[in-house]
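So the chains spell out like this:
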Amino acid sequence: MITVVGTGTGAPLAADVLAAARLVVGGRRHLAAATLPDGAEQIVLGPLAPALDTIEAYVEKGEPVVVLASGDPGFFGIVRALAERFGADALDVRPGVSSVATAFARTGLTWDDAVVVSAHGRDLRTAVNTCRAHPKVAVLTGPGAGPAELGAALTHRTTDRVLVVASALGSGEERVERVTPAEAAARDWGTAVSVVLCLDESRATGAVRTIAGAAVGPAQWALDEREFEHRDSMITKFEVRALALARLGPRLGELVWDIGAGSGSVAVECARFGAAVTAVEKTRDGVERIRANAEAHGVDVHTVHGAAPTVLSDLDDPDAVFIGGGGRELPAIVTACARRARRTVVVAMAALDRVPAVREALGGAGFAVEGVLLQSSRLAPLPGDVTRLAATNPVFLLWGVRPPASVEGVAQ
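**With respect to the overall build of the protein**
Move 1: Per the secondary structure count, the protein includes 13 helices and 19 strands.
Move 2: By principal-axis analysis of the C-alpha atoms, the protein measures approximately 90 × 50 × 40 Å.
Move 3: Long-range contacts, defined here as pairs at least 24 residues apart, represent 66% of the contacts in the protein between residues at least 6 apart.
Move 4: Split by element, the accessible area of the protein, about 19,700 Å² in all, is 52% carbon and sulfur.
Move 5: Across the protein, the 40 positively charged side chains and the 47 negatively charged ones have centroids separated by 5 Å.

Below, the structure written as structure tokens:
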């Protein structure tokens with residue numbers, strides 16, 4: 001039997017379990033804090049594979065093994081690796097309090113509405129984009145993905161975020177500090193950080209929840225144009241938006257650009273699906289309109305006032321891009337976006353003359369290109385309680401999808 005014991009955040013070590021152990025595995029600080037039986041072999045966790053091999057040798061001999069871990073070892077912890085190797089039936093898991101639960105307890109906040117993301121041994125960009133999109137996020141840190149790196153990535157990309165850095169939770173050296181992203185980026189935090197909370201405090205206290213974690217997604221999308229402020233019907237119509245959203249596939253942990261955003265209807269809808277979104281708009285009144293629409297729908301959209309492709313060089317690389325404007329600059333904008341998009345670029349245009357150039361720009365960047373002409377007619381009333389069909393303007397929608405094998409080659 002392998003007994004997995006969560007330690008370090010208030011849970012006492014099970015003395016009876018340790019007393020019988022023939023092999024004890026854990027981090028250096030876990031082993032130092034435990035009273036280990038005489039004659040028991042100790043393994044300080046580093047690379048996991050050699051430790052699992054040694055555990056297997058003891059299990060085959062029927063000798064008891066204890067694995068010490070931080071907090072709740074079934075929450076982004078070692079239980080997964082042990083269960084995959086030895087089977088869940090071979091484990092006796094005794095969880096402590098997770099570092100995430102402890103950190104939120106120290107702040108006096110509930111966390112049933114928090115999004116938890118691990119950056120330990122994983123790409124930091126997923127955590128960054130989640131923090132940009134959601135008001136209450138817990139980030140499990142790791143080497144190269146700590147408060148400084150998270151703060152540096154967030155400094156100029158979000159507003160009103162506070163980082164709560166929790167270090168050495170449950171120990172005599174415990175520290176819980178509130179800093180801005182810029183302050184976090186300027187410090188050396190060492191190796192004791194357990195978890196970082198990223199909070200938009202104006203939205204961090206949410207309503208009573210039934211389902212924990214991130215919102216399950218919008219109940220409705222391709223919203224009617226009346227759901228947004230817009231000028232002179234200059235808005236992506238809901239029929240076009242529906243297909244554009246299907247091709248963009250916005251999701252939690254990703255970044256979407258909306259170029260020539262206008263009213264920001266596409267940006268807002270992508271944010272409602274959980275993606276981080278940057279909306280680029282060249283008119284000042286358009287930027288204000290986007291912000292108003294984002295606020296009205298309760299989402300966070302980062303706005304950039306300027307003209308593409310000039311302003312794109314200062315932005316983080318996107319997973320997906322929607323281009324709804326551009327004029328004569330459209331081919332250059334598509335080319336610039338296609339060079340940096342990790343997954344897909346979707347372009348909406350009314351002018352037939354621009355279709356060949358956009359198609360060539362997407363194909364030249366290595367995308368598989370498809371497209372469609374969307375023509376729809378909506379029911380409209382006529383006098384006498386009868387109905388006619390009112391045609392909307394036709395729109396060309398082209399999209400390029402990067403082949404999976406080439407995604408790793410995109411500029412990071």
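From this point, the discussion proceeds with the structure in view.
**Some thoughts on helix α3 (residues 48-60)**
Move 1: Its 13 residues place the ends of α3 18 Å apart at the C-alpha level, agreeing with the 18 Å of an ideal helix rising 1.5 Å per residue.
Move 2: Tucked into the core, α3 has its buried residues touching β1 (2-7), β2 (23-26), β3 (41-44), β4 (65-70) and α4 (79-86).

**As for the state of the cysteines**
Such a bond, covalent and formed between the sulfur atoms of two cysteines, is termed a disulfide.
Move 1: A complete count under the given rule lists zero disulfides for this structure.
Move 2: C198 carries a free sulfur, and the closest cysteine sulfur to it, the one in C131, is 3.8 Å from it.
Move 3: On the accessibility criterion, C198 (0% relative accessible area) is buried.

**With respect to the nonpolar core**
Move 1: Ranked by internal contacts, the top residues of the largest apolar core, which has 30 residues, are I259, L312 and I323.
Move 2: Counting residues per element, this core draws most heavily on helix α12 (residues 330-340), at six residues.

**What to know about the packing of helix α9 (residues 238-248) against helix α10 (residues 265-272)**
Each pair of packed helices can be summarised by the angle the axes make with each other and by the distance between the axes.
Move 1: One can describe the packing of α9 onto α10 by two numbers: an axis separation of 11 Å at closest approach and a directional angle of 50°. In this view, α9 runs oblique relative to α10, as classed from their interaxial angle. As α9 runs across α10, the sense of the crossing is right-handed. Within the contact between the two elements, α9 uses R241, L245 and L248 and α10 uses S265, V266, E269 and C270.
Move 2: For the contact of α9 with α10, the class distribution of residues is four nonpolar, one polar and two charged.

**Section: the pattern of salt bridges**
Move 1: Under the counting rule described, the total for this entry stands at 26 salt bridges.
Move 2: Put simply, E254 and R251 hold a salt bridge, and the shortest N to O gap is 3.5 Å.
Move 3: The structure contains a network of salt bridges with shared partners spanning E225, E239, R241, E269, R272 and R378.

**Structural notes on unusual backbone geometry**
Move 1: Cis geometry is adopted by the peptide bond preceding P309, which originates at A308 and carries an omega value of 5°.
Move 2: Among the secondary structure elements, P309 is positioned in the loop between β13 (302-305) and β14 (320-323).
Move 3: Even without being glycine, A168 reaches a positive phi, approximately 50°.
Move 4: Residue classification places A168 among the buried residues on the basis of a relative accessible area of 18%.
Move 5: Within the chain, D385 stands out as a residue other than glycine whose phi angle is a positive 60°.
Move 6: Within the secondary structure, D385 sits in the loop between β17 (377-382) and β18 (386-391).

**Observations concerning the packing of aromatic side chains**
Move 1: Applying the stated rule across the entire model yields four aromatic pairs.
Move 2: Aromatic pair F75 and W111: ring centres 6.3 Å apart, planes at 80°, arrangement edge-to-face. With a gap of 36 residues between them, F75 in the loop between β4 and α4 and W111 in the loop between α5 (99-107) and β6 (115-118) connect regions that are remote in the sequence.
Move 3: Assessed through its relative accessible area of 27%, F75 is described here as partly exposed.
Move 4: Residue classification places W111 among the partly exposed residues on the basis of a relative accessible area of 30%.
Move 5: Over the ring of Y58 we find K61; its NZ or CZ atom is 4.7 Å from the centre of that ring.
Move 6: Just above the ring of W399 sits the side chain of R247; from NZ or CZ to the centre is 4.7 Å.

**Side note on the packing of α3 against α4**
Move 1: Packing of α3 against α4 brings their axes to within 11 Å, and their N-to-C directions diverge by 50°. Considered as vectors, α3 and α4 are oriented oblique to each other. Crossing handedness for the pair α3 and α4: right-handed. Contacts from L48, L52, D53, I55 and E56 of α3 reach α4 at A81, L82, R85 and F86.

**What to know about α4**
Move 1: For α4, the set of buried residues is V79, A81, L82 and F86. Looking down the long axis of α4, one finds its buried residues gathered within 165° of arc, a one-sided arrangement. Facing away from the buried side of α4 by over 90 degrees, the exposed positions are R80 and E84.
Move 2: Residues of α4 that are buried in the fold lie against β1, α3, β4 and β5 (91-94).
Move 3: One or two residues past the end of α4 sits G87, with phi positive at roughly 90°.

What counts and how
Numbers given to residues run from 1 along each chain, matching the order in which its sequence is written. Residue-level local features of this predicted model are given only where pLDDT is at least 70; pairs of side-chain atoms are given and counted only at 80 or more, and the full residue set underlies all totals for whole chains, interfaces and linings. Values shown for side chains rest on all heavy atoms present in the structure; no hydrogens or waters enter the calculation. Under the scheme used here, helices are H or I runs from DSSP no shorter than 4 residues and strands are E runs no shorter than 2 residues, and both carry numbers assigned from the N terminus. Between two residues, a contact is recorded if the distance between any of their heavy atoms is within 4.5 Å. Only the protein chains shown count as cover for residues, with accessible areas throughout obtained via the Shrake-Rupley method and a probe of 1.4 Å. Counting rule applied: Lys, Arg positive; Asp, Glu negative; His and chain ends not counted. A single reference atom marks each charge: NZ on Lys, CZ on Arg, CG on Asp, CD on Glu. To estimate how far a helix should extend, the number of its residues minus one is multiplied by 1.5 Å. The term disulfide is used for any two cysteine sulfur atoms that are within 2.5 Å. Burial classes follow relative accessibility: with a 1.4 Å probe on protein chains only, a residue under 20% of its type's maximum area counts as buried, one over 50% as exposed, and anything between as partly exposed. Throughout this description, the term nonpolar core refers to a set of buried Ala, Val, Leu, Ile, Met, Phe, Trp, Tyr and Cys residues connected via side-chain atoms within 4.5 Å. Each axis is a line fitted through C-alpha atoms, and for a helix only the stretch in contact is used; angles between axes span 0 to 180 degrees, taken between their N-to-C directions. An angle counts as roughly parallel when it lies under 35 degrees, as roughly antiparallel when it exceeds 145, as roughly perpendicular when it falls between 65 and 115, and as oblique in every other case. By the definition used in this description, the sense in which the near helix is turned from the far one sets the handedness, with an anticlockwise turn below a right angle giving left-handed and a clockwise turn giving right-handed. For this scheme, ten residues count as nonpolar: Ala, Val, Leu, Ile, Met, Phe, Trp, Tyr, Cys and Pro. Four count as charged, namely Asp, Glu, Lys and Arg, and the remainder, Gly too, count as polar. A carboxyl oxygen of Asp or Glu within 4 Å of a side-chain nitrogen of Lys or Arg is what we treat as a salt bridge. Classification of ring pairs rests on two measures: the distance between centres of Phe, Tyr or Trp rings, Trp counted by its six-membered ring, which must be within 6.5 Å, and the angle between planes, read as stacked under 30 degrees, edge-to-face over 60 and tilted in between. Whether a charge sits over a ring comes down to the Lys NZ or Arg CZ being within 6 Å of the ring centre and within 35 degrees of the ring normal. It is the directions from the helix axis to the C-beta atoms that the arc portrays.

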